[in-house]
Structures are given as structure tokens and as C-alpha cells.
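Descriptive structure summary
Residue-level listing of the chains:
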Amino acid sequence: MIRIFLFGIYARLENKVYIKINDSIFLNNSVQTILVQVLKLKREKSTENYFGDESEVIRGKKWNWNTFKTTEDYPVSPNLLDWVIGQERALGECYLCLEEWVHKLKHLKKENWYEKWKDPNKEKPTSTKAAPPGPYLLLLGDPGTGKSLIGRALAAHLTELYESHKIHLQDVVCWPNDITPSEPKISCHPAGEAKRIIFKQKLKEAKKLFLVRIGVKFVTYLLIAIAAIFLFAGFFYIWQQKLHWDANEMTITGETLQASYQNNFSKYILDSFISIGVTTFLPAGTLLMFLILVNIIGRFGIMSGAKGISGAKASNVPKLIVDNARKVAPFIDATGHGSAQLFGSIAWDPLQTGGLGTPEHQRVTAGDVHQAHMGILFIDEIKNLKENGAVTLLTVLEDGQLPITLRSRWDQGATSAMAVATEPVPCMDFLVGAGNFDSISQIHPALMDRIYGYGKVVRMNNYMPNTLENRRKYVQFIAQEVKRFHLIPFSREACSELLDEGRRRSNKRDALTTKFRPLIAIVKTAATLAMNENLEVVERKHVNEAIEKHCKTIQKQILEHYVSERGQLLEISPEGERLGQIYGLAIINDPYSGEMTGNVLTVKGFLEKRSDRLGNSLKGYYKVTGTAKSGKELMIADSIAKVRSVILQKYGVDIAQDYFTHIDFAQAYGVDGPSAGVTMAILLCSLIEGKPVRQDVAVTGEINVGVGGVIQVTAVGGLHEKIKAAETWGFKRVIIPAKNYKHSIDTRDYEIEVIPGETLEDYLKGCLVDYNLEQLYPDKFRHKPV
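The shown structure was predicted, so the numbers you read here are calculated from the model rather than taken from an experiment.

Let us now look at the overall build of the chain. Assigned secondary structure in the chain consists of 23 helices and 31 strands. Residues counted as buried form 48% of the 786 residues belonging to the chain. Accessible surface computed for the chain: about 39700 Å², of which carbon and sulfur atoms make up 55%.

Here you go:
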């Protein structure tokens, strides 16, 4: 027997039965073909109405929501702010902070604060004297909700605000300090002007170097000429001595020259070389060594302009450390950066001693906080900032300026080469921090206090209402990603299927998820599957395949593999009826990622009165096995206690005193959570009343102590995964809390029948054999004869 819901029509089926709108009926297997066709028709009809019937002008282009077939011609906005979907409140707070930020910069302009930074030789002002710190933003939400996208979009919007309010970005230049070289000077100039200043300084430096090189070359050539003369004189003298040897002239001693040296020419020529070398070869060699030294100085010293440590030039020309020549508000993503990257550093120069190294100002490197001056400094997972980094960031936020000094593993060194610190460098940053909701307690307290005091903490939405407008935004999202990754367009049906997945992931019937990053993977995978088939449009089947086979997180895959492997050993048979056994639904979740998968629990029970055959001498007991026995938040213990009270309220018996009671979660261990409460309660009711439990029904829900004679069953989590698990095992129906059914469940997502239950009595009617299911919802079981 299979239950269906029909829509807006009357259908004639077997036994001359009419079914009204949203009425329910059980069909025989002989009409299952009709059932499949009806369900298919129902899905197609609902797809047509997802996006409405009217036309709309989007960015100057008319778009008909009723007739569009694919996303091919959807007008995608070039503005990143239009790409942010479902975060209207967060964007509103961001706009408000940006307006405050612009007001602050306009006030600084009015106070001529920028002009005071132009001269590197003047004392630098502080921003706190002219304007207060802030504003800042802290975006808190789950991963994939668009925090980094908002940061990038704000930078683009900030550029537009600067243009409209005539606020100019700043370039930062680092100058040499002739008096104290270890304290390079700083100047700021309107964006693009610093390059012209540096070009002029390079021309001056080039002229000086040209003259120096000309002089050096002249001296070099002169010395080479002198050395050549000495060498020529030396070799000429040696040649003359050779002629005297050949002539064998008489010496003053009366002997011939050759006889005086015993015909040893080598000794003769060596004595001649020594006598003449002092006045010829020695001066020439000295001059050549001097030329080599001059060449080394010219190669590595300041005269050469060659690159030194970290690519810096050995030059007195000022260095451009912050370049905003593009005149676009900077967006600097400093996520995970260390101290040197975040706050700047000084390159270490092993040749610094002796004046052979790179000048101090050329070894200065600006950090992220300086690069983001008058722009967006984005730090995701801001809770991971180290304590020293958080304290330094406080200085940036409070003062709007920070000197650049050595920040590395050498920063504890004591050498003069490391003792370099610039003048304060401006770093008025619009800080946009991001993190999960647990970040609040893990961010440095002083930093959090500044954000609370001078900025705003904004919660990112995990879902948005399932309205016509937001469903259309899903089409916009798909079109954006298709354009971004150069994919083929999606069909209308494929868009509808992705929309259904967004609704399922929100865990609400009337909501859509705003965690778009996982959906991006589905879009890309579905498009790839379609392109592998040489298709021009992505179809519904490709989206389904991407969701069911390819786009599960690794935690989800591990959990499903675990359940699949263990499921081969479980004794689960969803058919027939049995006394003392019921099937409950549970979830298994990964504690790190939050991913979950459904699971079916076999719960067995034993109940016997003390006085029946064991006498009154033994005390009753109430045991539950297979559950968690320890943990910080052991919720199953509360459920066990509530079940005892519920049975006492309903039947007036204490299962712990009047009975020997044992409930066993068979083939399970560590079961925890509130959703097992109603399972245990139904099992005990079945045993007390002696009514078998339908084995094709699985249940979940939190039991509550009765008030006014009504024992209520309240909502639990993980309903989608639980229902899917019951579907996989072949159960015909599940009973879930009415609140979950109302707010979270869309029956179109499941082939299994989903029944809502508000009280324990509702659950008993759906589970116990003697109860008629029509008693549960009598309005849905009205049979009308022909």
C-alpha cells in the first residue's frame, strides 16, 4: 500500500474512489504506474511555478521568468555587491559603517591632515587628534555564507564613494635619514604622485652617478695608463739586460758578464728583475690592485645602483612602499599572515657593516596594514591571531599609524644592522574581520572591546525566506557562477533542482540556504558532467548526479561508509508487526565539521510485573542499555528519566518499582540525544497494552512530561538525514514531530510517507496495530463514492 498526495484535481481510481485536493489514500500495487505518473506531473507543475509568471527588467534587459529556458542570457552584474545574496541585513550594516568611514576621512581632509604628511622632514601628526578610531566590522557566520565576498565588494563600493566625495588615496614613500640612518623618514602623497617624485629623485641620482662614474672611469683609465708605463719600463729594462747578456761585456771586476754568473742566465735575469721591480713592477701592481678594489666598490656599492638584499637597490633614491596609483581602494586579505607580512619588516643585510650593504630605507617593506591604508583590511578566522599580533593590531586601530621595524625570528637580535625603525607609517584601515560564531570567546578581549566600541558585530544569515524574489536570486547565483567559471548554461529544470537542494540544506520548508560555497561545487560538477556528454545545457539529471554521487564532503563520505559497512550486520527488517520491538531514527555526526548522516536503531524491550511469577521479594528495576554512559552533555539520561514519568502519568505505574523493565538499543552503543525519548515511550506503551508495533514505521521525537493530560512530542534535529535513512532501509512511513513537519519537511523530497505527530497519542495511533491510521488525520481520509 502506498500513500500519495494529489493537487488541484479529482482523480478516478479503483473501487470508484474520488480523491480531493491534498486528500490521502492507500493505493494497491496495481495502480503504482498511475502513482509514478502523478508524482512526475506534480513535480513538473511545481517547477513551472518556482519563478513566477511575470517579466522583469534586470540591469536594462527584459527577462521573462515564465518562459526562460536556460540561464544563458541572464544579465549578470559586474558589481560584486550585487553578487551578495541573502545577506541584506549584513550589507545594510556594512553600508552604514562605510558612510561613517567616509565622514571620518572627509573630516581629516578638512583638517589638512593629509598635507602634513607630504614633507618627510616635518613631524608627523596622529589621526587620533583629528578623528576618532573606527569604524570596524566583524562578520560572524558559518563558512560559505559570503563573508570574504562582502569584503571584496565593500572595497569596490568604497572606490565609488571616494570618487563621489573627492577623497584621494595615498602613496607612501620611505626616505633616507642623513642624520640618523637607522630611522628612515616617511612621506605621503596623493595616489600616483609618488611615482613622479621617485622618478625625479632617480634622475638626480642618475646625474650624480653619471658624474661619479665618469670620474671613476677617468681615474681608472689614468691609473691603467700609468701602470702600463711602469710595466713597459720594467719589461724594457729586462730586455736591455738580455742584450747585455748576449754581448757578454766586461764587468768592473775584469770578468765577462756570463763568467761572473757562471753562465746561469736565470740567476742573472732574476737579479735584474728584483733590482728594477721596486721601481716599475711594484708600483704597477699596486695600481692594479687599487683598480680591482674600486671595481668591487662600484659593483656592489652605492655607485653602481645594483640590487642588494631582498631586491632593494643600493641607492639613496627614496623607496615607494605603498603604491595606489591605480586609484582603487585597496583590499588586502591578511588571513593567516604572520607578523612580518601583517605589520611590515626590515630586510636583514649581511653586508651592512662597513657601508657595503643596502641603505636602511631601501630595506623597508610595508605590511598588510600599511598596504590597506584607506582601504579594506580583511582578516578571516581572526580568532587565530596570535596575542602579540592582536596587541599590535590594537595600535593600528587606535593610532592609525605604525612604524615599520624588524619583525621576524631575528627580532630579538642585538646587532646594529637590525636596529632599524621608520617614522610612523599611516595605516588607517577599515578592518573587516570574519569568523565562526565561536570566535567571540577566542578573540583577544582588548581587540574585541575595540570592535564593540568603535565598530559593529554582524551575524551572517545561514538561510533566507523561500520567497519568489529569493528563488529568482538562485537563478542569479547560478548565472554568476556560470560566467565566473566559464561553464555552459543551466536549464530551468536544473535551476529548480538546485533550488530544491538549497531548501533541503536550510533544514526548513520555507527557507533557502545562503551557504553558497557548497552549492558552487554542485554547479561546477553538474556542468562538467553535462559537458562530458557534449551537451550545451546542464539538465536536472546532472544536478541530481552531482548531489548524490560527487559533491559530498569527506566527513559525509566517511559517515555513510561507516553506516553502510555496519548496516550489513544489523538486524533490521521493516515488515510485519512485533511486540517488544520498535525502530527509532538517529543521526551520526562528525564533531569537527558538523556533517551528519541518518541511522536506524533497533530498540527492544522487556517488561514484567514483580508479582506475576517472581514474587514480591525482588525489587523492580529500570535499565536502559546501549546508551552513552559519560560525557559533558549526556542528554539520553534526561530522556530516560522523562520516559519513566510519562508512563507513570499515562498508566499510573512506576516501571522502576512495579516492573522489571529493560530497554535495549540493540547492536548499538553510545546512543545519546533527546530524539530517542518517544521511541522508548512507545515501546513501553506497546508492552503495557499488549499491542504489537508496526515494523514498517520508524519514529523520532523528544518526549516531554505531560501537562493537562497531554504528553507532547517536540522537535528534534537532523530530520532530513533520518528520513533518508528510513527510506534506504525500506520503511514505508516515518512519524516525526509536528513542528518539524510544519517548518522543515517538504514531502516532495521523499518517496517515503512522512506523518506528523504532536502528542504521544498521535504516535501510538501510527505505530500500534490496534489503532486505525485514519484516526490520526480523519480529514485526509474521506472516501466519496461515484
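Attention now goes to the sheet that holds strand 11 (residues 331-333). Backbone hydrogen bonds hold the strands of a sheet together, and the pairing may be parallel or antiparallel. The strand order across the open sheet formed by five strands is 11-14-17-7-18, and the pairing between neighbours is parallel. The outermost strands of the open sheet, each flanked by one partner alone, are strand 11 and strand 18 (456-459). Geometrically, the sheet is characterised by an average inter-axis angle of 20 degrees between neighbouring strands, direction not taken into account. In this structure, strand 7 (residues 137-140) lies alongside strand 18, joined through four bridges in parallel fashion. Note that in strand 18 the partner of L139 across the bridge is V458.

Moving on, we come to the confidence of the model for the chain. Mean pLDDT over the chain works out to 81, with 84% of the residues at or above the 70 mark. The spread of mean pLDDT over the elements of the chain runs between strand 3 (residues 17-19), the lowest at 34, and strand 27 (residues 697-699), the highest at 95. Across residues 779-786, where pLDDT falls below 50, the model places 23 contacts with residues more than four positions away in sequence or in other chains.

Here we come to a nonpolar patch on the surface. On the surface, a cluster of nonpolar side chains totalling about 350 Å² of accessible area is made up of F218, V219, L222 and I226. Note on placement: V219 falls in helix 5 (residues 193-247).

Moving on, we come to unusual backbone geometry. With an omega of -5 degrees, the peptide bond between G134 and P135 qualifies as cis. Its place among the elements puts P135 in the loop between helix 3 (127-130) and strand 7. A positive phi is found at M374, a non-glycine position, where the angle reads about 65 degrees. Structurally, the position occupied by M374 is in the loop between helix 10 (368-371) and strand 14 (376-379).

Criteria and thresholds
Residues numbered from 1 in each chain as written. Predicted model: local features only at pLDDT ≥ 70, side-chain atom pairs only at ≥ 80, totals over all residues. Heavy atoms only, no water. Helix = DSSP H or I, 4+ residues; strand = E, 2+ residues; numbered from the N terminus. Buried < 20%, exposed > 50% of the residue type's maximum accessible area, 1.4 Å probe, protein only. Areas by Shrake-Rupley, 256 points an atom, 1.4 Å probe, with all protein chains shown as cover. Pairing = 2+ DSSP bridges. Axes fitted to C-alpha atoms, helices over the stretch in contact; angles between N-to-C directions. pLDDT = per-residue confidence, 0-100. Contact = heavy atoms within 4.5 Å. Patch = residues over 30% accessible without salt bridge, like charges linked within 9 Å, V, L, I, M, F, W, Y side chains within 5 Å. Salt bridge = Lys/Arg side-chain N within 4 Å of Asp/Glu carboxyl O.

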